[in-house]
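Structural features, examined
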Amino acid sequence: MNWELVADDVINGKVLTGNEALSILECPDEDILKLLDGAFKIRRHYYGKKVKLNMIMNTKSGLCPENCGYCSQSSVSKATIQKYRMLDKETILKGAEQAHHLQVGTYCIVASGRGPTDKEVSHVTSAVEEIKEKYGLKVCACLGILKPEQADKLKEAGVDRYNHNLNTSREHHNEITTSHTYDDRLNTIAIVKESGISPCSGVIVGMRESLQDVVNMAFSLKQLDADSIPVNFLHAIDGTPLEGTNELNPRYCLKVLALFRYINPTKEIRISGGREVNLRSLQPLGLFAANSIFVGDYLTTVGQESTADHKMLEDLGFEIDFQIHESKV
């Protein structure tokens, strides 16, 4: 496969076939640099050498009734993690201050649970209004399954983006969780879009799914028209049902990132959870396909030092895409 010509076709509007998409994941390792060269051609066309930085604030940890097999916060997890109710507003604002200092463009307020109570939504909106006033950051909320009126309140407060991941394919969904349906997730994304909030939805790769499942995920997110696509690589946590799962290697992870770029050429593709433990020394190569990363820690796992991320971008010759709204800072 001539990946440079495929990239040209994608830039000109071609949508890959299912077989062409599958061939990306089956690309021989010796051709991986050619595959990434094509992915970078697409990425460069839409985003140049800019990289968007995102940071998570885990505002509520554990105590979740869902049975997601990958998650240390779920009801079926025996993992040893911190468990706490919603953090106070001052702590959330302190995280926003740190994000601003690190040139993070999007500050992600995340809370465990099936979905937020109205009181929790009010707490988040109060913090968001102050974050917007003080720091002008783009704010992404990730609070679980939403009601339409809750989405409207988040929008009114200034929430720019809402994350609700598909996580896996429809065909593999029941192997990962049964406490909510795949359509529950689609419905929340639809509610978010209806409210005027930018939809963010992504996947977790490495959960014993097939190559075809991964292809289906990429096309499903294209159909959803998600503006931002976080690609997580499973960091199997002891005490969860997926404990001990170790299906990934750095080369395959790069092929996955390339797949999402070829299928979703205009979208923000973010290397997310599991980046450090799965891509390892090949992390920099991932940014030839993706144009966004998380800095700092994740929900219950540790990321690499943010200074190391900034140095990596500098070494690549990439620049941080740091745009804020007018603020008082």
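Residue positions within a chain follow its written sequence, with the count starting from 1. In keeping with the predicted nature of the model, local features appear solely for residues at pLDDT of at least 70, side-chain atom pairs appear and are counted solely at 80 or more, and the whole-chain, interface and lining totals rest on all residues. The basis for every side-chain value is the complete set of heavy atoms in the structure, and neither hydrogens nor water enter the calculation.

Burial here depends on accessible area, computed with a 1.4 Å probe over protein chains only, as a share of the maximum for the residue type. Under 20% is buried, over 50% is exposed, and the range in between is partly exposed. Numbered from the N terminus, helices here are DSSP runs of H or I no shorter than four residues, and strands are runs of E no shorter than two. Of the two faces of strand β8 (residues 268-271), the one holding E268 and R270 and the one holding I269 and I271 are both buried throughout. Inspection of the sheet shows strand β7 (residues 228-233) paired to β8 by four bridges, in the parallel sense. Paired with P230 across the bridge in β8 is R270. Following the backbone out of β7, through helix α10 (residues 250-263) and into the adjacent parallel β8, one traces a crossover that is right-handed. Here β8 pairs with strand β9 (residues 292-294) via two bridges, running parallel. Residue pairing in the sheet places I271 in a bridge with I293 of β9. Two strands form a pair only when DSSP identifies at least two bridges running between them. Crossover handedness is defined by viewing with both strands directed away from the observer: a clockwise path from the first strand over the helix to the second marks the crossover as right-handed.

Our focus in this paragraph is the nonpolar core. Core analysis: the largest hydrophobic core is formed by 88 residues, its most contacted members being Y107, V231, F233, L259, F260 and Y262. At ten residues, the largest contribution of residues to this core is made by α10. Two residues form a contact once any of their heavy atoms are found within 4.5 Å. Not counting chain neighbours up to four residues away, the residues in contact with F260 comprise V203, V214, M217, A218, L221, I229, V231 and I269. As used in this record, nonpolar core signifies buried Ala, Val, Leu, Ile, Met, Phe, Trp, Tyr and Cys residues forming a set joined through side-chain atoms within 4.5 Å. Residues Y70, C71, I176 and I204 belong to the second largest nonpolar core, which totals eight residues.

Here is the rule: rings of Phe, Tyr and Trp (six-membered ring for Trp) pair when centre to centre is within 6.5 Å. Planes less than 30 degrees apart are stacked, more than 60 are edge-to-face, and the remainder are tilted. Applying the stated rule across the entire model yields four aromatic pairs. Aromatic pair F40 and F288: ring centres 5.0 Å apart, planes at 75°, arrangement edge-to-face. With a gap of 248 residues between them, F40 in helix α3 (residues 32-47) and F288 in the loop between α12 (283-286) and β9 connect regions that are remote in the sequence. F40 gets classed as buried once you look at its relative accessible area, which sits at 9%. The rings of F40, F288 and F318 are connected pair by pair, giving a single aromatic cluster. For a Lys NZ or an Arg CZ to count as sitting over a ring, it must be within 6 Å of the ring centre and within 35 degrees of the ring normal. If you follow R43 out to its NZ or CZ, it ends over the ring of F318, 5.0 Å from the centre. The ring centre of F294 lies 5.0 Å from the NZ or CZ of R270, which sits over that ring.

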